[in-house]
Amino acid sequence: MNAFMEDLVLHEDPRSGNCFKIRLTAALLGIPLERRQYDIMKGETRTPEFLRDVNANGRIPVLQVGPRFLPESNAACWFLAEGSPLIPQDRFARADMLRWMFFEQYNHEPNVATLRFWLLFVGEANLSEFQKGQITAKRAGGEAALAVMDEHLTRSDWLVGDSVTLADIALYAYTHVCEAGGFRLRDYPAICGWLDRVAGLSGYVAMD
Ligand SMILES: N[C@@H](CCC(=O)N[C@@H](CS)C(=O)NCC(=O)O)C(=O)O
């Protein structure tokens, strides 16, 4: 049992950065998580049982807290980190952290993570014509998101305040593996320094 007094189970595919965010948050906070694995390439999150019992939206990650199920990676990170130093006490800083987490879901993940998924796991030859037609726009969107982060990180070691927060964890997850989607990390020197700082945190765990 843990400080939550309920078993915590992460329903995940270990290749997913969204799932890794939750594992990394838990590891940095020393919270034990049981892991239940699914293969999204085999549609294991689309079965009638999964849709009924785990997430009607058909996606992982889902954090199970006792009998309750919490989809959406950033919500799960928030659940684990509430009351910890990973969420700032200052009201503006807390909202600013959420700003970066919404940015991650709207500007970063749909471009950076999707290209990694398409190129590394689906394979370019297997993409639909529609997906192939989206590659250029997704690359431009991902580069724009990385440029925003890089510019910010030239002025600050962390995305919010002067220590690591959930904003860093949320954006680290797909940024550190973005080269698999064809992005070049060497174009973003401030991001490279920040990636090293995250990887050097006490309790850090690597993606499987
Ligand atoms: N906004 C969601 C995105 C979840 C998501 O897209 N999950 C993907 C893997 S990273 C998935 O389950 N794909 C399988 C499918 O759609 O069938 C989050 O942050 O958790």
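Per-chain numbering applies: the sequence of each chain, read as written, is numbered from 1 onward. Given that this is a predicted model, residues contribute local features only at a pLDDT of at least 70 and side-chain atom pairs are listed and counted only at 80 or more, while totals for whole chains, interfaces and linings are drawn from all residues. Heavy atoms throughout the structure, all of them, feed into the side-chain values; hydrogens and water do not.

### Topic: the domain arrangement of the chain
Domain borders in the structure are assigned automatically or taken from a domain database. Along its sequence, the chain is carved into domain 1 (8–81) and domain 2 (91–199). The gap between the C-alpha centroids of domain 1 and domain 2 is 20 Å. In this assembly, 17 residues from domain 1 lie in contact with 19 residues from domain 2. By buried area we mean the combined loss of accessible area, with a 1.4 Å probe, across both parts when two parts are placed together. Counting each side, the surface lost to burial between domain 1 and domain 2 is near 1400 Å², with a carbon and sulfur contribution of 71%. In terms of surface lost to domain 2, no three residues of domain 1 exceed Lys-21, Asn-74 and Trp-78, which account for 34% of the buried area on that side. The term salt bridge refers to a pairing of a side-chain nitrogen on Lys or Arg with a carboxyl oxygen on Asp or Glu at a separation within 4 Å. For the pair domain 1 and domain 2, the interface holds 1 salt bridge. A salt bridge links Glu-104 to Lys-21; the shortest N-O distance between them is 2.9 Å. N or O atoms closer than or at 3.5 Å make up a polar contact, with two conditions inside protein: a donor-capable atom paired with an acceptor-capable one, and, for residues adjacent in sequence, both atoms drawn from side chains. Linking domain 1 with domain 2 are 7 residue pairs in polar contact (both at pLDDT 80 or more). Of all the secondary structure elements, the ones that give two or more residues to the side of domain 1 that touches domain 2 are α1 (17–29) and α3 (73–81). We call two residues in contact when some of their heavy atoms are within 4.5 Å. Here a helix means four or more residues in a row that DSSP labels H or I, a strand means two or more in a row labelled E, and each is numbered from the N terminus.

### Some remarks on the sheet that holds strand β1 (residues 8–12)
Note on sheets: strands pair through backbone hydrogen bonds, and any given pair is parallel or antiparallel. Spatially, β2-β1-β3-β4 is the arrangement adopted by the 4 strands of the open sheet, whose pairing is mixed. Every other strand in the sheet has two partners, leaving β2 (34–37) and β4 (68–71) as the edge strands with one partner each. For this sheet, the mean angle separating the axes of adjacent strands, direction not counted, is 25 degrees. Two strands pair under a simple rule: DSSP has to find at least two bridges between them. Bridge count between strand β3 (residues 62–65) and β4: 4 bridges; the pairing is antiparallel. Bridging from a neighbouring strand, Gln-64 pairs with Phe-69 of β4. Fitted lines through C-alpha atoms give the axes, limited to the stretch in contact for helices. The angle between two N-to-C directions lies from 0 to 180 degrees. Contacting β1 and β2, α1 crosses the sheet at an angle of about 155 degrees to β1.

### Some details on the nonpolar core
We define a nonpolar core as any set of buried Ala, Val, Leu, Ile, Met, Phe, Trp, Tyr and Cys residues linked to one another through side-chain atoms lying within 4.5 Å. We call a residue buried when its accessible area falls under 20% of the maximum for its residue type, exposed when it is over 50%, and partly exposed in between, using a 1.4 Å probe and counting protein chains only. Core analysis: the largest hydrophobic core is formed by 56 residues, its most contacted members being Trp-100, Met-149, Leu-159, Leu-166, Ile-191 and Trp-194. If you list the elements that add at least two residues to this core, you get β1, α1, β3, α3, α4 (91–122), α5 (129–153), α6 (166–175) and α7 (189–199). Here the element with the most residues in this core is α4; it accounts for 9 residues. Among the domains, domain 1 (8–81) and domain 2 (91–199) are the pair contributing at least three residues each to this core. Sequence-distant contacts of Ile-191, that is, excluding residues within four places in its chain, are made with Leu-146, Met-149, Asp-150, Leu-153, Thr-175 and Leu-185. Phe-50, Val-54, Ile-60 and Val-62 belong to the second largest nonpolar core, which has 6 residues in total.

### Some details on the site of the ligand
Around the ligand sit 13 residues, and of these Arg-46, Ile-60, Glu-72, Ser-73 and Gln-105 come closest. One nitrogen or oxygen atom from the side chain of Glu-72 is found 2.7 Å from a nitrogen atom belonging to the ligand. Burial of the ligand by the protein amounts to 80% of the accessible area it has alone, namely 520 Å². Gly counts as polar in this scheme, as do all residues outside two lists: the nonpolar Ala, Val, Leu, Ile, Met, Phe, Trp, Tyr, Cys and Pro, and the charged Asp, Glu, Lys and Arg. Grouping the constituent residues of the shell around the ligand by class yields 4 nonpolar, 6 polar and 3 charged. We call a residue near a molecule or strand whenever a single non-hydrogen atom of that residue lies within 4 Å of it. To be clear on the numbers: accessible area is Shrake-Rupley with a 1.4 Å probe, and residue cover counts the displayed protein chains and nothing else.

### Looking at the pattern of salt bridges
Going through the model one piece at a time under the given rule, you end up with 15 salt bridges. For Arg-68, the salt bridge is made with Glu-6, and the minimal N-O distance between the two is 3.8 Å. Linking Arg-68 in strand β4 with Glu-6 in the segment before β1, this pair joins segments that are 62 residues apart in sequence. Residue classification places Arg-68 among the exposed positions, given a relative accessible area of 54%. For Glu-6, a relative accessible area of 23% gives the class partly exposed. As a salt-bridge pair, Arg-23 and Asp-208 come within 3.1 Å of each other at their nearest N and O atoms.

### Some details on the side chain of Asn-111
Note on placement: Asn-111 falls in helix α4. What makes Asn-111 buried here is its relative accessible area of 12%. In contact with Asn-111, not counting residues within four places along its chain, are Ala-137, Lys-138, Gly-141, Gly-142 and Phe-183.

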